[in-house]
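Listed here are the chains, written in short residue letters.
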Amino acid sequence: MRTDSENYYTQIVNKLKNWARINSPWAIHFNSGSCNGCDIEILATLTPRYDVERLGIKLQGSPRHADVLIATGPVTLQALDRLIRVYEQMPDPKYVIAVGSCALSGGVFDGCYSVIGDLNKVIPVDVYVPGCPPRPEAIIFGVVQLLDSLKKGKKPAKIVLPIDVPDLKLEEKSNGSD
């Protein structure tokens, strides 16, 4: 039988884990067979111009350390086993962001002999970011929507982003020769 002090410490540890998960999500990127347009946009979000790291996001190389799977491309027969393996290696709770038209519906590759289709046929998707390729602002907006739903204390219920995402106000630095 647990004492009140053990319950109190368990609650504190759980609150600390949730705080860390929300304020510092680690992501892994998986390309399941796309044309690399979405991959370039995901990498653009990591550049100093967009700086997604200001939200605490860190791109991780190992699924065992990742909280969020950012997936691009349609699911192909060649990548199917790897995608499932990467998803299963991630610790719980895990979240999936589908980026680009191909991950959402199969895109231009839908109906090909080696394409299974959209990502949701294989693993559960939490956030959909449409576009071919989606702009970095849309990808950041999708990550923010996921983090906002986690702050409310619940797993997101299929967040689908609108095509027209509000523009981020980026400050242009002048070089002093205006």
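Nothing here was measured: the structure is a model prediction, and the numbers come from that model.

Turning to the pattern of salt bridges, a few remarks are in order. Inspection of the entire model under this criterion finds two salt bridges. Its salt-bridge partner being R135, residue E137 comes within 3.2 Å of it at the nearest N-O pair.

Let us look at the side chain of S32. Its place among the elements puts S32 in the loop between β1 (26–31) and α2 (37–45). With relative accessibility at 2%, the residue S32 sits in the buried group. From its side chain, S32 meets the backbone oxygen of G73 in a polar contact 3.1 Å long. Contact partners of S32, with chain neighbours within four places excluded, come to T72, G73, P74, V75, T76 and A79.

That bond from D92 to P93 is cis: its omega, -5°, falls within 30 degrees of zero. Here P93 lies in the loop between α3 (77–89) and β5 (95–99). Cis peptide bonds are those with omega within 30 degrees of zero, and the linkage from C132 to P133 qualifies with -15°. Considering the arrangement of structural elements, one finds P133 in the loop between β7 (127–129) and α5 (136–151).

This part is about the side chain of D118. Note that D118 resides in the loop between β6 (115–117) and β7. When neighbours within four sequence positions are excluded, D118 is seen to be in contact with V75, C102, A103, L104, S105 and G106.

Ranked by internal contacts, the top residues of the largest apolar core, which has 21 residues, are V68, I70, I97, V99, V129, L146 and L150. Going through the elements one at a time, α2, β3 (68–72), β5, β7 and α5 are the ones with two or more residues in this core. No other element matches the seven residues that α5 contributes to this core. With 19 residues, the next largest nonpolar core counts L80, L83, A103 and V125 among its residues.

Further remarks concern the packing of aromatic side chains. Within this structure, the stated rule accounts for one aromatic pair. With a centroid separation of 5.7 Å and 65° between ring planes, the pair formed by Y8 and Y9 is classed as edge-to-face. Looking at Y8, the relative accessible area reads 49%, which means it is partly exposed. The ring of Y50 is capped by R49, whose NZ or CZ atom sits 5.9 Å from the centre of that ring. The side chain of K94 reaches across the aromatic face of Y87, ending 4.4 Å from its centre.

Attention now moves to the environment of Q89. The residue Q89 is located in helix α3 in this model. A relative accessible area of 27% means that Q89 is categorised as partly exposed. Here the alpha-carbon distance between Q89 and H65, two residues 24 residues apart in the chain, equals 9.0 Å. With residues near it in sequence (within four places) discarded, Q89 still touches P63 and R64.

Pairing of β1 with strand β2 (residues 58–59), which is carried by two bridges, proceeds in the parallel orientation. Along β2, the bridge assignment pairs W26 with K58. Crossover handedness for the path β1 to α2 to β2: right-handed. As paired strands, β1 and β3 are joined by five bridges and run parallel to one another.

Thresholds applied
Residues numbered from 1 in each chain as written. Predicted model: local features only at pLDDT ≥ 70, side-chain atom pairs only at ≥ 80, totals over all residues. Heavy atoms only, no water. Salt bridge = Lys/Arg side-chain N within 4 Å of Asp/Glu carboxyl O. Helix = DSSP H or I, 4+ residues; strand = E, 2+ residues; numbered from the N terminus. Buried < 20%, exposed > 50% of the residue type's maximum accessible area, 1.4 Å probe, protein only. Polar contact = N/O pair within 3.5 Å; in protein donor to acceptor, adjacent residues only side chain to side chain. Contact = heavy atoms within 4.5 Å. Core = buried A, V, L, I, M, F, W, Y, C linked by side-chain atoms within 4.5 Å. Phe/Tyr/Trp six-rings, centres within 6.5 Å; stacked < 30°, edge-to-face > 60°. Lys NZ or Arg CZ within 6 Å of the ring centre and 35° of its normal. Pairing = 2+ DSSP bridges. Right-handed = clockwise from strand over helix to strand, strands pointing away.

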